[in-house]
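Notes for the structure review
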Amino acid sequence: MKTILSNFEKNTVNIYALCRILIGLFFFIAGFNKLFHPIFQGYMLNTISSIGFPFPQFTANFTAFCECVFGLFLMLGLWTRISSVFLIIIILVALFTHDLSSIPKELVPIKPETGIYEVDPFTWLSYFLYLPQTLYLLFLLLFLFQGCTGFGIDTFRKTKSGNS
């Protein structure tokens, strides 16, 4: 058992770097699609317009650009903390303006005669934790506080300057 735990501890840095790279890749691809794919451009513009943000075309393009660029930076381990801050802001705005409204306010049972139930706090929390944005937010907070650990440009620059 100690050997298994020791192997997990040895690979913690690699697992952390893999999570950072994959989350960065997710944001890069999502932002890239919203910038250059007509279907995703339309989805993004409709979402931004329906929320009521001013200058919807600029806001959609700016948000997609930030997702793409800071996702790339996160993936490369470049300015990891700054990238995390920008992506956290994007996630929080998405959560509060769009995603929280997707959580149901009442539950309709299979048998209509049972009646409709109001969503209790624990059920609401389970819906909230089920949103993928919640997991992305937790990872980004980890990257914000931990910085670039393992493989990445920030780590290389820190090692090169002798500030290990």
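None of these values were measured; they are calculated from a predicted model.

**Brief notes about the overall build of the chain**
Within the chain one finds eight helices and two strands. Counted from the first residue to the last, the chain has its helices and strands arranged as α-α-α-α-α-β-β-α-α-α. At 20 Å, the chain has a C-alpha radius of gyration far larger than the 15 Å of a compact globule built from 164 residues. Along the longest, intermediate and shortest principal axes, the C-alpha atoms of the chain span 65 × 50 × 25 Å. For the chain, the exposed area adds up to about 11,000 Å²; of that, 72% sits on carbon and sulfur atoms. The distance from the centre of the 10 positive side-chain charges to the centre of the 8 negative ones in the chain is 20 Å.

**Examining the side chain of threonine 80**
Inspection of the secondary structure puts threonine 80 in helix H5 (residues 80–99). What makes threonine 80 buried here is its relative accessible area of 1%. Those residues in contact with threonine 80 that lie beyond four places of it in its chain are Arg20, Leu74, Phe143, Gly147, Cys148 and Asp154.

**A closer look at the packing of aromatic side chains**
Tallied over the entire structure, the rule returns 13 aromatic pairs. Plain terms: the ring middles of phenylalanine 58 and phenylalanine 62 are 5.8 Å apart, the flat faces sit at 15 degrees to each other, and that makes the pair stacked. Taken together, the residues phenylalanine 58 and phenylalanine 62, both in helix H4 (residues 56–76) and four residues apart, mark about one turn of the helix. For phenylalanine 58, a relative accessible area of 56% gives the class exposed. Arranged with centres 5.9 Å apart and planes meeting at 85 degrees, the rings of phenylalanine 70 and phenylalanine 73 form a pair that is edge-to-face.

**Points about the side chain of serine 83**
You can see serine 83 is positioned in helix H5. Apart from residues lying up to four places away in sequence, serine 83 is in contact with Phe70, Phe73, Leu74 and Leu78.

**Notes on the nonpolar core**
If you look at the biggest cluster of nonpolar residues, it comprises 20 residues, and the most contacted ones within it are Ile23, Phe27, Leu87, Ile91 and Leu140. Mapped onto this core, the elements with two or more residues apiece are helix H2 (12–36), H4, H5 and helix H7 (132–146). With five residues, the top contributor of residues to this core is H5. Not counting residues within four places of it along the chain, the set of residues in contact with leucine 140 comprises Ile23, Phe27, Leu74, Ser84, Leu87, Ile88 and Ile91.

**Comments concerning the packing of H2 against helix H3 (residues 38–51)**
With their axes 5 Å apart at the nearest point, H2 and H3 run at an angle of 95 degrees to one another. For the element pair H2 / H3, the angle class is roughly perpendicular. Where H2 approaches H3, its residues Asn33, Lys34, Leu35 and Phe36 are matched on the opposing element by Pro38, Phe40, Gln41 and Met44. Of the residues in the contact of H2 with H3, the class split is five nonpolar, two polar and one charged.

**Some words on a nonpolar patch on the surface**
A grouping of Trp79, Ile82, Val85, Phe86, Ile89 and Val93 is seen on the molecular surface, where their side chains present a nonpolar patch of about 500 Å² in accessible area. Of note, isoleucine 89 is situated in helix H5.

**Here we look at the confidence of the model for the chain**
A residue-level look at the chain finds 98% of positions with pLDDT of 70 or above and a mean pLDDT of 90. Here helix H1 (residues 2–10) stands out as the element of the chain with the lowest mean pLDDT, 73, in contrast to H4, whose mean of 97 is the highest.

**Side note on unusual backbone geometry**
We note that phenylalanine 55 has phi near 50 degrees; this positive angle belongs to a residue other than glycine. Following the sequence through the fold, phenylalanine 55 ends up in the loop between H3 and H4. Assessed through its relative accessible area of 66%, phenylalanine 55 is described here as exposed. Here the phi dihedral of tryptophan 79 falls at roughly 50 degrees; this positive angle occurs in a residue that is not glycine.

Quick notes on the rules
Residues numbered from 1 in each chain as written. Predicted model: local features only at pLDDT ≥ 70, side-chain atom pairs only at ≥ 80, totals over all residues. Heavy atoms only, no water. Helix = DSSP H or I, 4+ residues; strand = E, 2+ residues; numbered from the N terminus. Rg over C-alpha atoms; globule rule 2.2 N^0.38 Å. Areas by Shrake-Rupley, 256 points an atom, 1.4 Å probe, with all protein chains shown as cover. Lys, Arg positive; Asp, Glu negative; His and termini not counted. Charge placed at Lys NZ, Arg CZ, Asp CG, Glu CD. Buried < 20%, exposed > 50% of the residue type's maximum accessible area, 1.4 Å probe, protein only. Contact = heavy atoms within 4.5 Å. Phe/Tyr/Trp six-rings, centres within 6.5 Å; stacked < 30°, edge-to-face > 60°. Core = buried A, V, L, I, M, F, W, Y, C linked by side-chain atoms within 4.5 Å. Axes fitted to C-alpha atoms, helices over the stretch in contact; angles between N-to-C directions. Parallel < 35°, antiparallel > 145°, perpendicular 65-115°, else oblique. Nonpolar A, V, L, I, M, F, W, Y, C, P; charged D, E, K, R; others polar. Patch = residues over 30% accessible without salt bridge, like charges linked within 9 Å, V, L, I, M, F, W, Y side chains within 5 Å. Salt bridge = Lys/Arg side-chain N within 4 Å of Asp/Glu carboxyl O. pLDDT = per-residue confidence, 0-100.

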